[in-house]
Every structure is written in structure tokens, then in C-alpha cells.
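Residues per chain are reported as follows:
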Amino acid sequence: MSVAIHIAHARKAYGGNVIIPDLSLDVEEGEFFTLLGSSGCGKTTLLRMIAGFNTIEGGDFFFNGQRINDIPRNKRNIGMVFQNYAVFPHMTTFENVAFGLEQRHVKDPEKTRRVEEMLDMVQISALRDRKPQNMSGGQQQRIALARAIVIQPDVLLMDEPLSNLDAKLRIEMRGAIRSIQKRSGITTVYVTHDQSEALAVSDRIAIMHKGVIQQVGTPLEVYCHPSNLFCATFIGESNMLEATALGGRKIGFPDGGRMEVPFLSDRVAEGRKVKVCVRPDEFVFSDTGVAAKVVARTFLGSSYEYQVALPGGFAVKVETGTHHAVLDVDEPVHLAFDPSIINVFDGESGDSLMAKE
């Protein structure tokens with residue numbers, strides 16, 4: 001069965017180096033939960049604390065209300081999928097997947113039934129008697145996933161499982177992992193530094209930075225409503241424009257332009273310095289707006305990316321679909337954006353100034 005995970009005030013340090021100072025988190029039963037952050041942010045460290053591979057210097061970890069801090073890792077009923085697959089090269093696919101069941105003394109016909117069901121679920125039944133050296137990276141990762149799930153773990157932990165695959169295979173495998181997790185219903189904690197991967201597979205995402213969780217939310221929430229400047233710049237690309245709060249949900253730009261931001265908190269004091277986050281695809285070329293000039297153009301396949309110079313020499317990135325008219329370098333344009341979809345942050349703290357729904 002799956003379990004809910006509760007972490008209260010977790011702390012991890014190596015000597016005087018504190019990796020995780022004070023972290024609390026809840027993962028719901030059956031949820032696909034992703035820890036997202038750059039290298040060294042503490043996400044793998046936290047995963048290994050859940051698994052029992054790392055010691056816990058402070059705080060408490062619970063599975064369905066049961067404290068697991070002192071439970072040995074081989075007693076936690078956890079399935080683990082690693083970055084390097086960790087499949088046994090001398091074993092066939094069947095033998096690899098059956099390994100965990102044999103360690104738990106599951107006998108035939110139950111063992112064979114469960115292995116064959118799992119091979120079918122991850123779509124590698126045709127590879128049943130083949131050894132890993134004759135397989136692609138994606139096929140080996142499916143073996144690792146099947147081996148982790150076949151033991152019917154309470155929690156599935158996945159540490160950068162797709163980072164060794166090429167771009168096309170990563171996209172294919174992330175869809176397969178999402179589908180398999182939903183079919184199995186196992187509570188899953190997934191670690192990645194790849195924001196696109198996190199957005200594609202997760203029910204919820206925790207964005208980590210220097211051992212601290214910056215935001216927890218659905219993929220839509222963390223992308224469209226980042227809680228601070230770090231999240232806004234880490235998830236997706238962002239243009240940051242300097243502005244000043246004018247009171248009454250209005251902001252003013254250095255060039256004298258003003259606009260009302262419908263979802264800006266009405267408690268933002270007049271005169272407060274703010275930063276306005278506009279995604280590249282939130283800009284539009286229009287007949288009105290700020291006069292600007294195209295300074296560079298890049299074709300990305302499904303879109304064009306433009307560098308556009310604003311008055312004062314400041315440049316922003318703008319992305320349009322290929323169905324839009326193609327603009328030339330040095331072409332004069334006007335830029336505008338919808339103030340109802342942007343985000344505004346405090347110029348000093350970086351915290352979001354958008355009204356809470």
C-alpha cells in the first residue's frame with residue numbers, strides 16, 4: 001500500500017557544513033511529488049534521508065504517522081530507482097525484476113505472476129530473457145523501474161532517473177514513468193534538476209534552494225504564481241522589469257509608462273520599488289505599447305526567440321509561435337503584455353506582491 005510522508009524540522013549536516021537547516025514537508029498518499037533544484041541544493045540528501053541511506057541530525061520522518069528515523073533502511077519497504085540504472089548485467093530482464101521478490105522469499109507461482117505483470121506494465125515483456133548489455137538506456141531504466149515497483153513498496157524514490165538518457169528518450173520515458181506511477185498508485189518522491197521534467201510528471205513540486213524549500217505547489221501554481229524571485233527565475237525564463245508601486249494596484253515604469261495590475265495586492269505601499277516578471281511568451285508585438293527594436297532573432301523549431309531593445313538600452317527576450325509574421329533584425333516594433341498574467345515582486349526581499357486568492 002502507499003503511505004503519506006510527513007517530515008518535521010529535518011536537519012542534515014556534514015561536520016560544520018549544514019546542507020538542510022530546518023525543513024518540513026508533507027507528501028500525500030499516492031502522490032507524485034518532485035523535489036526540484038540545482039545541484040547541491042539538498043534534494044538528493046533529503047531523498048537519501050527518507051530512504052535511510054543518510055543519517056538524520058535533527059527532525060522526524062513519518063510514514064502514515066509511524067516515525068521511521070530509527071527503522072533500518074531494509075525495513076522501510078522502499079523502492080529505489082537510481083540515475084545509473086543499477087541493473088545486474090549478468091541477469092536477464094526477468095531475473096533482474098525478480099531479484100527483490102526473491103530477497104523477500106516470494107515463491108512461484110506468485111513470483112512469476114508478479115514479474116510478468118510488471119514486465120507488461122512497463123512494456124518490456126518481449127525482453128524477458130535478454131540481458132541488459134543488449135538493451136538501450138531506456139529499456140534498462142524500465143527494468144530498474146519494474147524491479148523497484150514489483151516488491152509493492154510503500155514509497156518509490158527516484159533520483160535523477162532520466163539524466164543519462166538523450167533528449168528524445170527522456171521525453172518518452174518521463175511519460176512512461178508518469179503513466180506507470182498512476183497505474184500503481186505508489187507514493188513517489190522524484191528528484192530532478194530539470195524543470196521541464198518536473199512540470200511534465202508531477203502532481204506537486206517543491207522547489208529547493210540551499211536546503212530550504214522556496215515553494216510547494218502544482219506545476220501550474222509554481223509556473224504561473226511563483227512565490228518569490230528565485231522561483232520565478234528558476235522555473236522557465238523570465239524578463240525582470242524595474243518599476244515603482246503607485247498605490248491602488250498601479251505601477252510605474254522608468255520611461256513614464258503606467259499600468260494597473262489587477263491581481264497586485266492592494267496593500268503595496270506607494271513608492272515601493274518592485275520587479276515585474278514577464279515571461280518571453282507573455283509579450284506580444286502590437287500596434288500600441290512601448291516602442292522598441294529587434295536586435296536578434298533565433299529560430300527554435302516551434303517558435304522564434306527575439307532579443308528586443310527597449311528605450312534606455314534594456315533588452316528583453318520575446319518568444320512567438322511560427323504562425324506569427326517573422327520580424328527582421330533592426331525592425332522597429334511595439335511591445336505590450338497583459339497585466340493580468342504577470343507577477344510583481346518586492347524589489348528588496350524578492351517576495352511575491354500578488355494578492356492571495
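Source: prediction; values computed, not measured.

Undergrad: Honestly, the sheet that holds strand S15 (residues 283–299) in this entry has me stumped. Any pointers?
TA: The strands that make up a sheet pair up through hydrogen bonds in the backbone, lying either parallel or antiparallel. Pairing is antiparallel across the open sheet formed by four strands, whose spatial order is S17-S16-S15-S18. Among the strands making up the open sheet, the edge pair consists of strand S17 (315–321) and strand S18 (332–337). Each strand axis lies, on average, 55° off the axis of its neighbour in the sheet, ignoring direction. Here seven bridges tie strand S16 (residues 303–309) to S17, and the two strands are oriented antiparallel to one another. Opposite Gln-307, over in S17, you have Lys-317 as the bridge partner.

Undergrad: Got a minute to help me understand the pattern of salt bridges in this structure?
TA: A side chain of one charge can pair with a side chain of the opposite charge if their charged atoms are brought near each other. Applying the stated criterion to the full structure yields 18 salt bridges. Salt-bridge contacts for Arg-113 lead to Glu-117; the nearest nitrogen and oxygen are separated by 2.8 Å. One end of the pair, Arg-113, and the other, Glu-117, are both in helix H3 (residues 110–121), four residues apart, so they sit about a helical turn from each other. Put simply, Arg-272 and Asp-346 hold a salt bridge, and the shortest N to O gap is 2.6 Å. Here the residue Arg-272 occupies a position in the loop between strand S13 (258–260) and strand S14 (273–278), and Asp-346 occupies one in strand S19 (residues 343–346), the gap between them amounting to 74 residues. Judged by its relative accessible area of 8%, Asp-346 is buried. Each of Glu-110, Arg-113, Arg-114 and Glu-117 takes part in a single network of salt bridges with overlapping partners.

Undergrad: Explain unusual backbone geometry to me, please; I cannot follow it from the model alone.
TA: A cis geometry characterises the amide bond from Asp-108 onward to Pro-109, with omega recorded as 5°. Counting through the fold element by element, Pro-109 comes out in the loop between helix H2 (93–103) and H3.

Undergrad: Can you walk me through the packing of H2 against H3 in this structure?
TA: Describing two packed helices takes the angle between their axes plus the distance from one axis to the other. Their axes nearest at 10 Å, the elements H2 and H3 cross at an angle of 125°. Between H2 and H3, the crossing angle belongs to the class labelled oblique. Judged by the sense of rotation from one axis to the other, the crossing of H2 with H3 is right-handed. Across the interface between the two elements, Thr-93, Phe-94, Val-97, Ala-98, Leu-101 and Glu-102 from H2 touch Lys-111, Thr-112, Arg-114, Val-115, Glu-116 and Leu-119 from H3. In terms of residue class, the contact of H2 with H3 is made up of six nonpolar, two polar and four charged.

Undergrad: Please clarify how the pairing of S16 should be interpreted in this entry.
TA: In regular strands, side chains alternate between the two faces of the sheet. Of all seven residues in S16, six are buried; the element is thus mostly enclosed. Hairpin remark: S15 followed by S16, antiparallel, with three residues in the connecting loop; positive phi at Gly-301, about 100°. Linking two consecutive strands that pair antiparallel, namely S16 and S17, is a turn of five residues; a positive phi of about 90° is found at Gly-312 within it.

Undergrad: Even after reading the chapter, I still don't get the state of the cysteines, so can you show me in this structure?
TA: Two cysteines joined by a covalent bond between their sulfur atoms form a disulfide. A complete count under the given rule lists zero disulfides for this structure. With no disulfide of its own, Cys-41 has Cys-231 as its nearest cysteine by sulfur position, at a separation of 12 Å. By relative accessible area, Cys-41 is classed as buried at 3%. Not engaged in a disulfide, the cysteine Cys-277 finds its nearest cysteine sulfur in Cys-224; these two sulfurs lie 10 Å apart.

Undergrad: So what exactly am I meant to see when it comes to the packing of aromatic side chains here?
TA: For any pair of aromatic rings, geometry is given as the distance between the ring centres together with the angle between the planes. With the rule as written, the count across this model stands at seven aromatic pairs. Note on Phe-299 and Tyr-304: the rings are 5.1 Å apart at their centroids and 45° apart in plane angle, and the pair reads as tilted. Here Tyr-304 falls in the buried class, since its relative accessible area comes to 15%. Taken together, the aromatic side chains of Phe-285, Phe-299, Tyr-304 and Tyr-306 make up a single cluster linked through ring pairs. One cation-aromatic arrangement involves Arg-147 over Phe-88; the distance from NZ or CZ to the ring centre is 5.2 Å. In this structure, Arg-279 is placed above the aromatic ring of Tyr-223, and the distance from its NZ or CZ to the ring centre is 4.2 Å.

The rules behind each value
- Along each chain, numbering runs from 1 in the same order as the chain's sequence is written.
- A pLDDT threshold of at least 70 governs which residues receive local features in this predicted model, and a stricter bar of 80 or more applies before side-chain atom pairs are shown or counted, although totals over entire chains, interfaces and linings include all residues.
- Side-chain numbers come from the whole structure's heavy atoms, not from hydrogens or water.
- Strands were regarded as paired on the criterion that DSSP finds at least two bridges between them.
- Going along the chain from the N terminus, every DSSP run of H or I of four or more residues is numbered as a helix, and every run of E of two or more is numbered as a strand.
- Axis lines are fitted to C-alpha atoms, over the contacting stretch for helices. Their N-to-C directions set the angle, which ranges from 0 to 180 degrees.
- Any carboxyl oxygen of Asp or Glu within 4 Å of a side-chain nitrogen of Lys or Arg constitutes a salt bridge here.
- The rule is simple: take the accessible area with a 1.4 Å probe, protein chains only, and divide by the maximum for that residue type; under 20% is buried, over 50% is exposed, in between is partly exposed.
- Comment on the angle field: the value is read as roughly parallel under 35 degrees, roughly antiparallel over 145, roughly perpendicular from 65 to 115, and oblique elsewhere.
- In this scheme the handedness of a crossing depends on how the near helix is turned from the far one: anticlockwise by less than a right angle means left-handed, clockwise means right-handed.
- Two residues qualify as a contact provided that any one of their heavy atoms is within 4.5 Å of a heavy atom in the partner residue.
- Note on residue categories: nonpolar means Ala, Val, Leu, Ile, Met, Phe, Trp, Tyr, Cys or Pro, charged means Asp, Glu, Lys or Arg, and polar means any other residue, Gly included.
- Count a disulfide wherever a pair of cysteine sulfur atoms falls within 2.5 Å.
- Ring geometry is summarised as follows: Phe, Tyr and Trp rings, the Trp one being its six-membered ring, pair when their centres sit within 6.5 Å, and such pairs are stacked at plane angles under 30 degrees, edge-to-face over 60 and tilted between the two.
- Lysine NZ or arginine CZ positioned within 6 Å of the ring centre and within 35 degrees of the ring normal marks a charge as sitting over the ring.

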